[in-house]
Every structure is written in structure tokens, then in C-alpha cells.
Amino acid sequence: METLYAITTGVLTACGLYLTLRGRTFPVVVGLTLTSYAVNLFLFSMGGLTTDGATIVHGDGNYADPLPQALVLTAIVIGFAMTAFVVILAMRARSEAGNDHVDGKKEDRE
Amino acid sequence: MTLLWIALLPLLGVLVPALTAQRGRTLCSLATGIVPAIALLLTLMQLPALLAGEALRVSVMWLPELGLELAFRLDGLSLLFNLLILGIGLLILLYAHFYLAKDEPYGRFYAFLILFMASMVGISMSDNLILLWLFWELTSLSSFLLIGFWSYRGDARKGARMALTITGAGGLALLAGLLLLGDMAGSYRMDDVLASGAQIVADGRYPLMLALVLLGAFTKSAQFPFHFWLPHAMAAPTPVSAYLHSATMVKAGIFLMARLHPAIAGSELWSVVVPLVGSITLLYGAWFALFKTDLKAILAFSTISHLGLITVLLGIGSPMAVLAALFHIVNHATFKAALFMSAGIIDHETGTRELKLLGGLRKTMPVTALLSTLAAAAMAGVPLFNGFLSKEMFFTETLATPVLGGLSWLIPALAAVGGILSVAYSVRLVHAVFYKPAKEASPKKPHEPPHLMRLPVEILVALCVVVGLFPAFFATNLLDLATQAVLGEPLDFHLAIWHGVNLPLVMSIIAFALGFVMYWRHADLRRFLQPFASIDARRVFERFMVTLSYRAEQSIAALDGNSLQRFMSWLLLAALCMGVLGLAQMDILSGSKSNQPSDGILVFGAAMLIFGGIATAATHRYRLISLLMLSIVGLFVALTFARFSAPDLALTQLSVEVVTMILLMLALFFLPQRTPRESSPLRNVRDMLLAGALGLVVASLNYAVMTRETLSISSFFMANSVPGGGGHNVVNVILVDFRGFDTLGEITVLALAGLAIFKLLNRLRLFMPHSDGEGRVWSPDRYPAILTSISMTLLPLALLVSAFIFLRGHNQPGGGFIAGLITAVALILLYMARGVEWAQARLDFPFQPVAVVGVAIATLTGLGSWLFGYPFLTSAFGYFSLPGIGKFELATALLFDLGVYLAVVGATLMILANLGKVTTAHRPVTDPIESDTPAPTPAKEPR
């Protein structure tokens, strides 16, 4: 289970980072979102993988680690805010520069 | 307490001109003057206590962990400087009232001036090294604003930049020096530092510390070779030059050397370096003052020279030399400020400061001529003026000093040369402007300035004369206090005009004789100097700065080529190296914990995630498909959270997934649908290798962590959630209680992102395609009937669900974040199903205030705990019972969560609804009032 989880995180990271290295804004935004999924999964696993556990205090034994969960919860929401900001920035950049290259290049080779 | 007021009143005074600037200049000037006047009065009121020998200190803890206190002291030295800063500051205000032209923003000017005054008072009164440094930097910044006040002038901008670069760099060196000094003394308190002089000098780090501190002092006080910023700072309005560059700011370095004298001066190194640098500065400044033709430049170089003189005295460091230094600080401030102000008057009334264009002003401006002559006489050191007294003391001390061993005769010799030059340039200044007949007419017809504008000069010149005539009566007490503060013990001295015929007097006489000769043969000297090309310091400096930034840009460009892609590659490569380095240090990758067994569903989920990820990357050129693949990943991430016991996360991820996808779809509408094939195959392979390697590192790291026993602090949260936070859902209690401050920061970021997006969408010009990537036109059925009716039915249900999720959040999965997202999704669905127009008509309120109110509620909840004497964001809860409802719990955390809820709803809708509106007539546009270019001030309506 842990091996599978780790491989998944690794693949998502690799795909996300590959996309962030592209030259157009939209794939970069998608790549950032994908990377943030991978990062969230990674952070989440820092408390270990718990099956059928609880984060609600009721007295019985099997608890999941609540701290990474709380951190990841805020990370998800912040991630959304950042994605939104970057994608609107990309729109603005396209409207100002006339193309959607990450460097805002003048010549558009489309 | 009074001390605190003296130090902080001027800071508050910065607001006064800003508030009264609209009420006319006279009122503004008067109101601005009140604060320094009060501070001056309060300072003077401390005089009896000081004379009685009390140590006046006040201290408020600020950051005790860093040794930083808001600590102020008032001793003789601070008193002396406070009188200079506040007293001359008041005169400058009066002068500036007349100096600035009608249409200049005097309110801003006064505000900068008072800010500068406040920071100088702060330096003079600081009782803590770090606090002193803070005020020191504040003087650099405020002087930057003042020098560059006429920002439309290139020389003002360059001069300001140069001054800031030099003094700012010196300030950084000073910070390092002061930190070292505090470390060596074991405390940042002034008293402790001053008391541990022997220990400091014996420390091995002493030379380094001294070099750093002196760098700070020398740059600020324009000592050679850092003097060159001062002449260029003359681009400032003359009140600024008179105030900063004669009386106060350039004295800050001197002040620092005097203040720290007991702590750092007692070494061989000090008594060699400081007098030498001082002497060079003294001669260099005086020499150039003799040949400049701009009035203010002459005064600037003469200031450099006099600062050098004071530095020599402090370097010599004997008790009498310290006394002479302090005396000369006061004397120089009085006559130099007077001269600067006269130069300003001449500039103001004739339209030029160029010596070649001036002459014969004695006839048209007799009073100014008299005043300037008297002040210049004080500068030259004519007997019966204050400058004479301190100069005689200076000569005496240079004769007595043993600092350079067998070469000690060098110092009085240099001092005598300095004296000759100073006589020569003083004579030249006065004679060429007032007495020599003019060669050509000045640009404006000269006449006397308004009397009140001359009043500050009159007061200062009167001081020069009175102190020169009756030094014992006017200066003794003040100097006694000040020297006592520097030396730590009372000094027995007697100020007198006549000491009999002695060597210093002979030196003075020689200086006068040769000085006059030098001015008489000035033309010959100029001819002699002609072949030597003069160096324009500003050009050298500018060239240096340009080269520096060019080199920096080049070396950066060599790395990233101004391309984000290359920049990212470097970043990722660095991350890869760090990760590999970390992994390589591990003995074995897998830890002691064994793998848990997998089942079919898990394998399926992992396969879907991997498929989604790879497909997203592989199809990135077809953007819509790539986006759909991304949504698979998002969905399965949510399921993963659900599978591994994180219901809160699953709910959040699911709702965020919805809004993210809607957002990206909307954005994609305005962007190209396809990505052109641009990267070369080589680059693609390289990127794949880099990303793949990083994926491997992340996977290994993740595996390594998961198979090891982790030491978690979560048991604390588990144990304290119910008794401490009053909630059973530990995740939610962590968010709103234990780590509430993080959450507050986070919703602030969310609201800020929303506001930033709102601004970015303003006046956005967009290309709106009429068809999709394949060339098919959009469906004419814009609002499908099924979606419309479902969304209407769903809205109340969704709102009810979000209320339920919100309320139960403290004890069951849920909470403000999730509830906020559900509400936002429901409203967005309405927008999508019915269109912006329809929703706009029914939901016509801006979402910005909602988000802001949310953050405000959360903040106020946190602040509320202060009212009860608890730390920020302490939550309280209790159990109540109502008939019919039963027992229930109320916690302040719920209120905090309400803030979170509102912030999330507000920010999300601000982002999505505004983006949606871009397609319609309701697109956000800025009001003409808040456009970027400042609107011309509307003319007053005729009555």
C-alpha cells in the first residue's frame, strides 16, 4: 500500500513538474495544480496511512493523525486561491502581450 | 514618561502637516511647528534634573528576545543634540515657509522634514544599540525623500539615490558593527556597552567591529573617501541642506563616535585611523571649497572640511579635545545653517547661486550681506565669534596630541593648512557675492527677502556673536553636561576669549595672513590647477553603478536567459540536487514499518491517478482534454483522502475540485485552445528526465517517511481537543483554535487573492472566440432547461446542507471552509444555469465586502480574547440549554469559523462571478476616480 502510494505521488509530481516547464501559460497552470495535488498527497501521508480511522474524539483507539489533515485542508484552499490568481494573471498577460507565452514574447509563432 | 514623549512626539508630528495641508500654508506651518516646539520645551524642562546629576532613562520592552527595547535616555550629549535638532528645526520650518514656491506641496515637505527630525531625535536619545540603528536608517530614508523632493529634476533624483546608496550601505555595515559590539559587551543597553570599554577593546573582534562602526559613521558624516555624496545632495531644497547637511544628519556620524567614545575609542587603532581620516577630510574639503563656484557647493565642501575637523578632535580623544569637538559641533551648526539659509535667500532673490554671476549684492541686500559676513567670519575663526573659540581649542589640542608618535607634528601642521584654506574660502565667499562688483546682471533683480524669512538667520548669527563674546556664560553649562556624558566624569574647564600670546594664536594669525594672500592670488591658483582635470564624483559613481547592475544582469542572463522555463529548470535542478544529497545520506530506504496490504480498489485508484496524471501531461497540447484528465486526478485525490480516514479533506477537495474546474474552463475560454508545438525534442527529453528524476526523489522520500515510525505531536491535539477547544473534530479544532492564527493568515491570503483578481480583471480587453478549437460555433441553447430547474431546486437544499455542515463542523466532519465552498458552488451553479444577467438582478451585491467582513469577524474574534486578558485567539466555550432544543454548545470558535465561512464564500465568488462577468456587459471596470494616473486637482469653484 505504501509503495503504491509513493509511486502515485512520484508520478503525479513528475507529470506536474514536466508541465510547469512548458512554455505556454495554460499548461503551466495545469502543471501547478497537478503538482499541488501531489504535494497535498505527500503532506497528507506524513501522518501515515490509516484505514478506517477517526479524527473525531470518541474514546476508541484507531485514530488518524489530525495535524497533517488540518495542514492539507488549508493547503487545498490556498492552492485554489493561487491557481485562480495565476490563471487570471495568464489571461491578463495574454490580453496585454497579445500571446500566452510565459515570457510574454512579442513574436507569436502559432 | 516625559522622555518617551520627547522621543515619540515628533514621530506623531509627521501626521500634523498631512492633516492640515489643505487648510492653507500659514496654518499648516504653524501647526507643524507646535510639535517640535513642545518637544523642545519638554527637553528644556529636564535641564534642572540633568544639572542635579540625575540619570534620565525610560525603557519599554519591545522584542526582548533580540535585545531590542524601546529605551531612551537624556544625558548631556542627547540634550545638546536635541537642542540643535529641535531648535534649528524650528528655524528651518519658519524659513521653509517662505522658501517653497506657492504651488509646491508644502504639506509633504513638512511631513518629510518632521519625519527626519523625529529620526534624528531618536538617534540622539536611543538607549539601545539596535534602536539607535533603526532611527539611523530612518534618517537615511527620510533624507532620501528630502534630497529628492524636487523629483522632476534629474540631479535631485541622482543625488538622492547616491546619498541613499552610500549612507544605506554604511548603515548596513553599522548594523553588523553594532551587533558585534553588543555581543562583545554582552548587552545592547547603552549603559552596559559604555561601561565595558576595556573588555571591548581587549576582544579579538575589536578591529572588525571598529571598522564596521566607523564605516557607518564615516559614510554618514561624509568623511573621505565617502564624502562625495554630500555635494550632490545639494540638489535638495535649501532648507534641507541647511538642516540636514550642516546642522543635523551629517552630525549623526560624529554623534555616534562621541556616543560610543567610552566604549570603542580607547585603542591605538582608533587614535591612528580616526585623526588621519579626519585630517584628510579637513584638507580635501577645504581645498575644494576654495575652487567651487556654486554657493551651495562651496558650503558643502566647507561642511565636509569642518566635519573632518571634528573627527580629528574625537580621534585625539583627550578630555579637552572631546570638549572642543562638542563645542565645534554647536558652533558649526549655527554659522553653517545661517550661511546655507543666506545662500538660499540669495538664490531665491537673485535667481542664481553661481559665483560668477553674482556680485555687489551689498548695495541691494545690505542686511543679508551683513549677516552673511558675520557668519562667514565665525566660519573663518575671527576672534570674538564662536568659531574662533573652538578653532583655538582645536589648534591647542593638535599641538598637544601624541597620537602619531614621532610624526605627531604632522597633525598641527595639517590643521594650520586647513585653517589657511578655511580663511581663504570664507573671504572668497563673502567678497565675491557681496563686495566685488558684479560682472553681469543676475537673472532676477535682487532685493531683500521678507523679514520673517531672514529672522532664522538673524537668530543664528546673534548666537554666533553672543557665544563668541560671552562663552563662559552661554556655553559652559551645556558643554559641561555634554562632555560629562561622553567622558563619564566632570571636566574642569574654563572658556575664555583671551589666553595670552601662545602658539595657537600664532597659528591663527598665520592662517589669516596666508588665507588672505591665497584669496588675493586666487586667479593664479586657478590657472595653476587648470591642467588637472577634475573628477566628477557623480559620473564616476553613476558609471560604477551602471557597470555593477549591467554585470549583475549579465550574469543572471547567462543563467536563465530571461526565460521562465530556464529559470524553472535551474530551480528544479537545485531541488533535485538537494533531494539526491539528502537521500544519499540514508543507509537504507525502507524503514522498520512493514507495508500494509493493498486491495483491488486501492490498485484501481492508484492506476486511475497515474493514468490521469500521465494523460494530463501527454495531452497538454489539447487543453480541454488535458483539463478533463486533470479533473480525474482531482476526483481520485478526494477519494484517496476518503479512503485514508480524512473525511474533512475529502469534502474540501471535492468542493475545491468543482470550483477549480469551473475556473479553469472559464479561463480556457479566453485562451488559445491548443498549445503550439514549440519545444525541440531535445528539450522535451531533458524536461522529462528532470521531472522524472524529481518524481523518483519524491516517491523515494515519501516511501522512506511512510515506512518509518514518526514521532507525532498529534497526541497533544487529541488529548486537548475536547477539554481545551470544546470540539470533538480534532481537525476543525486545530484549524479554528490551536492553529487559529494560521487559518486567519490563510483566509487573509484568500481574500487578498480575490481582491487582486478583481483588480486584474478591471478593464481587461479580451479576445472572445465565437467558436471552439475545432471551429464549431457555440450552442445556441445557452441556458439548458434541465440545468436551470435543477439549480433552482438545489439552491435551498445546498444552502441548508452548508448550514448543517457549518454547524456540526466543530464535532463532526465539516466546518467553515467546507460549508463556504458548498455555498459558493451552489451560487455558481445558479450563475451558470441562468446566466450572469439573471443572477445579477437577484444577487446584486458585491462580494468584496463579504470576504473582508469575514476576515474582520475572524480577526475581531481573536482580538476579543484580549478583552478578557487572554492571548490572541484564545477560544472560550460553554454548554447551554434551551427549552425545546435541549443542551447545546456555544464556542467563540464558531464565530471564528463564521469568519472563515464568509471569507471563503466572498473570495470564491469574487473570483468566479467576476470572471464570469467579463463575458457580459457587467464586466468590472474601475471607477474613473481610482484610475492610476493622478487626476488633476479640481480648480476651486468661483464664488
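Cut-offs and rules
- Residues numbered from 1 in each chain as written.
- Chains lettered and ligands numbered in written order.
- Predicted model: local features only at pLDDT ≥ 70, side-chain atom pairs only at ≥ 80, totals over all residues.
- Heavy atoms only, no water.
- Helix = DSSP H or I, 4+ residues; strand = E, 2+ residues; numbered from the N terminus.
- Buried < 20%, exposed > 50% of the residue type's maximum accessible area, 1.4 Å probe, protein only.
- Areas by Shrake-Rupley, 256 points an atom, 1.4 Å probe, with all protein chains shown as cover.
- Lys, Arg positive; Asp, Glu negative; His and termini not counted.
- Charge placed at Lys NZ, Arg CZ, Asp CG, Glu CD.
- Domains from an automatic or database assignment.
- Patch = residues over 30% accessible without salt bridge, like charges linked within 9 Å, V, L, I, M, F, W, Y side chains within 5 Å.
- Salt bridge = Lys/Arg side-chain N within 4 Å of Asp/Glu carboxyl O.
- Phe/Tyr/Trp six-rings, centres within 6.5 Å; stacked < 30°, edge-to-face > 60°.
- Lys NZ or Arg CZ within 6 Å of the ring centre and 35° of its normal.
- UniProt positions renumbered as here; feature names shortened; annotations may be inferred.
- Contact = heavy atoms within 4.5 Å.
- Buried area = accessible area lost by both parts, 1.4 Å probe.
- Pairing = 2+ DSSP bridges.
- Axes fitted to C-alpha atoms, helices over the stretch in contact; angles between N-to-C directions.
- Parallel < 35°, antiparallel > 145°, perpendicular 65-115°, else oblique.
- Nonpolar A, V, L, I, M, F, W, Y, C, P; charged D, E, K, R; others polar.
- Expected span 1.5 Å × (residues − 1).
- Arc of directions from axis to C-beta.
- Core = buried A, V, L, I, M, F, W, Y, C linked by side-chain atoms within 4.5 Å.

Undergrad: Mind showing me how you'd approach the overall build of chain B here?
TA: Scanning chain B from N- to C-terminus turns up 39 helices and four strands. Viewed in the frame of its principal axes, chain B has a C-alpha envelope of about 110 × 70 × 65 Å. Here chain B holds 943 residues, and 54% of them are scored as buried. In the structure as shown, chain B presents an accessible area of about 41500 Å², 70% of it carried by carbon and sulfur atoms. With 60 positive and 52 negative side-chain charges, chain B shows a separation of 11 Å between the mean positions of the two kinds.

Undergrad: In this structure, what is going on with the domain arrangement of chain B? I would like to understand it.
TA: A common measure of how large an interface is: the accessible area buried when the components associate. Partitioning chain B into domains gives domain 1 (267-528) and domain 2 (644-650 + 661-674 + 717-774 + 781-922). Look at where the C-alpha atoms of domain 1 of chain B and domain 2 of chain B centre, and you get two points 70 Å apart.

Undergrad: Which parts of the structure should I look at to understand a positive patch on the surface?
TA: All names here are of chain B. Taken together, the side chains of Lys356, Lys436, Lys439 and Arg526 present a region of like positive charge at the surface. Considering the arrangement of structural elements, one finds Arg526 in helix H26 (residues 522-529). Of the residues examined, Arg526 reaches a relative accessible area of 43% and is grouped as partly exposed.

Undergrad: Mind showing me how you'd approach the pattern of salt bridges here?
TA: Residues and elements named next belong to chain B. Under the counting rule described, the total for this entry stands at 24 salt bridges over all chains. Between Asp183 and Arg205 there is a salt bridge; the shortest N-O distance is 2.9 Å. Of this pair, Asp183 sits in helix H8 (residues 154-185) while Arg205 sits in the loop between helix H10 (197-202) and helix H11 (206-220), and the two are 22 residues apart along the sequence. Assessed through its relative accessible area of 32%, Arg205 is described here as partly exposed.

Undergrad: What am I meant to see in the packing of aromatic side chains here?
TA: When we look at a pair of aromatic rings, we describe it by the centre distance and by the angle of the planes. Residue and element names in this part refer to chain B. Using the criterion set out here, one finds 23 aromatic pairs over all chains in the structure. Ring plane angle 55° and centroid distance 5.8 Å describe the contact between Phe716 and Phe738, whose orientation is recorded as tilted. Here Phe738 lies in helix H34 (residues 730-738) and Phe716 lies in helix H33 (residues 714-725), a separation of 22 residues in the sequence. Look at Phe716 and you get partly exposed, because its relative accessible area is 46%. Above the ring of Phe512, the side-chain terminus of Lys391 is found at 5.9 Å from the ring centroid. The positively charged end of Arg521 is found above the aromatic ring belonging to Trp520, 5.1 Å away from the centroid.

Undergrad: Looking at this structure, how should I read a nonpolar patch on the surface?
TA: All names here are of chain B. Nonpolar side chains collect at one region of the surface, where Leu399, Trp498, Val501, Leu503, Val506, Ile510, Leu514, Val517 and Trp520 lie side by side and expose about 940 Å² of accessible area between them. Per-element tally for the nonpolar patch: the top contributor is helix H25 (residues 503-520), with six residues. On the secondary structure map, Val517 appears in helix H25. Of the residues examined, Val517 reaches a relative accessible area of 39% and is grouped as partly exposed.

Undergrad: Is there a simple way to explain the UniProt feature "transmembrane region" (unreviewed entry) in chain A in this structure?
TA: As recorded in UniProt, the feature "transmembrane region" (unreviewed entry) lies at residues 6-21, 28-50 and 70-91 of chain A. The span residues 28-50 of chain A shows a helical share of 74% and a strand share of 0%, and its end C-alpha atoms are spaced 33 Å apart.

Undergrad: Please explain the interface of chain B and chain A as it appears in this structure.
TA: Contact with chain B, which involves 106 residues of that partner, is made by 79 residues of chain A. When the two sides are added together, the surface that chain B and chain A hide from each other amounts to roughly 8500 Å², 74% of it contributed by carbon and sulfur. Together, Phe644, Met706 and Leu760 of chain B form the three largest contributors to the area buried by chain B at its contact with chain A, with a combined 8%. Our count for the chain B to chain A interface comes out at two salt bridges. Residue Arg22 of chain A is joined to Asp687 of chain B by a salt bridge in which the shortest nitrogen-to-oxygen separation is 2.2 Å.

Undergrad: Would you take a moment to explain the pairing of strand E1 (residues 56-63) of chain B for this structure?
TA: Remember that side chains alternate between the two faces of the sheet whenever the strand is regular. Residues and elements named next belong to chain B. For E1 and strand E2 (residues 68-74), the ladder comprises seven bridges, and the chain directions are antiparallel. Across the sheet, residue Arg57 finds its bridge partner in E2, namely Arg73. From the end of E1 to the start of E2, which pair antiparallel, there are four residues, and Gly67 there has a positive phi angle of about 75°.

Undergrad: So what exactly am I meant to see when it comes to the environment of Ala173 of chain B here?
TA: Residues and elements named next belong to chain B. By the secondary structure assignment, Ala173 is in helix H8. Among the residues examined, Ala173 registers a relative accessible area of 12% and is labelled buried. Remark: the alpha-carbon pair of Ala173 and Ala211, spanning 38 residues in sequence, is separated by 8.7 Å.

Undergrad: In this structure, what is going on with the packing of helix H27 (residues 537-560) of chain B against helix H28 (residues 564-584) of chain B? I would like to understand it.
TA: All names here are of chain B. Where H27 meets H28, the closest approach of the two axes is 8 Å, and the angle between their N-to-C directions is 80°. If you check the angle between H27 and H28, you find them roughly perpendicular. Residues Ala558, Leu559 and Asp560 of H27 form the contact with H28, whose own contacting residues are Arg566, Phe567 and Trp570. Among the residues making up the contact of H27 with H28, the classes are represented as four nonpolar, no polar and two charged.

Undergrad: Just checking my understanding: could you explain H28 of chain B for this structure?
TA: The periodicity of an α-helix, 3.6 residues per turn, causes residues three or four positions apart to be oriented the same way. Along its 21 residues, H28 of chain B runs 30 Å from first to last C-alpha, staying within 8% of the 30 Å computed at 1.5 Å per residue. Listed as buried for H28 of chain B are Gln565, Met568, Ser569, Leu572, Leu576, Gly579 and Leu583 of chain B. Projected down its long axis, H28 of chain B shows its buried positions confined to an angular sector of 100°, all on one face. Residues of H28 of chain B that are exposed and angled more than 90 degrees away from the buried face: Met578 and Leu581 of chain B. Elements that come into contact with the buried residues of H28 of chain B comprise helix H1 (2-20) of chain A together with helix H32 (681-706) of chain B.

Undergrad: Looking at this structure, how should I read the nonpolar core?
TA: Counting residues in hydrophobic clusters, the biggest one holds 202 residues, and the most contacted among them are Trp229, Leu260 and Ile264 of chain B. Top element by residues in this core is helix H18 (residues 319-350) of chain B. It accounts for 19 residues. Beyond its immediate chain neighbours, meaning those up to four positions away, Ile264 of chain B contacts Leu181, Tyr206, Met209, Leu210, Val213 and Trp270 of chain B. Membership of the second largest hydrophobic core comes to 121 residues, among which are Leu17 of chain A together with Leu795, Ala839 and Tyr901 of chain B.

Undergrad: How do you make sense of the side chain of Ser645 of chain B when you look at a structure like this?
TA: Considering the arrangement of structural elements, one finds Ser645 of chain B in the loop between helix H30 (623-643) and helix H31 (647-669). Ignoring anything within four residues of it in the chain, the contact list for Ser645 of chain B reads Thr50, Thr51, Asp52, Gly53, Thr55, Ala64 and Gln69 of chain A.

Undergrad: Can you walk me through unusual backbone geometry in this structure?
TA: Keep in mind that most residues, glycine aside, have a negative phi and that most peptide bonds are trans. Residue and element names in this part refer to chain B. Here Phe224 and Pro225 are connected by a cis peptide whose omega angle stands at 0°. With respect to the helices and strands, Pro225 occurs in the loop between H11 and helix H12 (229-232). Although it is not a glycine, Ala222 adopts a positive phi angle of roughly 55°. With respect to the helices, strands and loops of the structure, Ala222 is situated in the loop between H11 and H12. At Leu384, a position not held by glycine, the phi torsion is positive, near 75°.

Undergrad: What exactly am I supposed to notice about helix H21 (residues 386-400) of chain B here?
TA: Residues and elements named next belong to chain B. With 15 residues, H21 extends 22 Å from end C-alpha to end C-alpha; this agrees with the ideal 21 Å at 1.5 Å per step. The buried fraction of H21 amounts to twelve of the 15 residues, a majority that puts the element mostly inside the structure. Listing the buried residues of H21 in full gives Asn386, Gly387, Phe388, Leu389, Ser390, Lys391, Glu392, Met393, Phe394, Phe395, Glu397 and Thr398.

Undergrad: Looking at this structure, how should I read the side chain of His227 of chain B?
TA: Relative to the helices and strands, His227 of chain B is located in the loop between H11 and H12. Ignoring sequence-local partners within four residues, the contact set of His227 of chain B consists of Ala222, Tyr284 and Ile304 of chain B.

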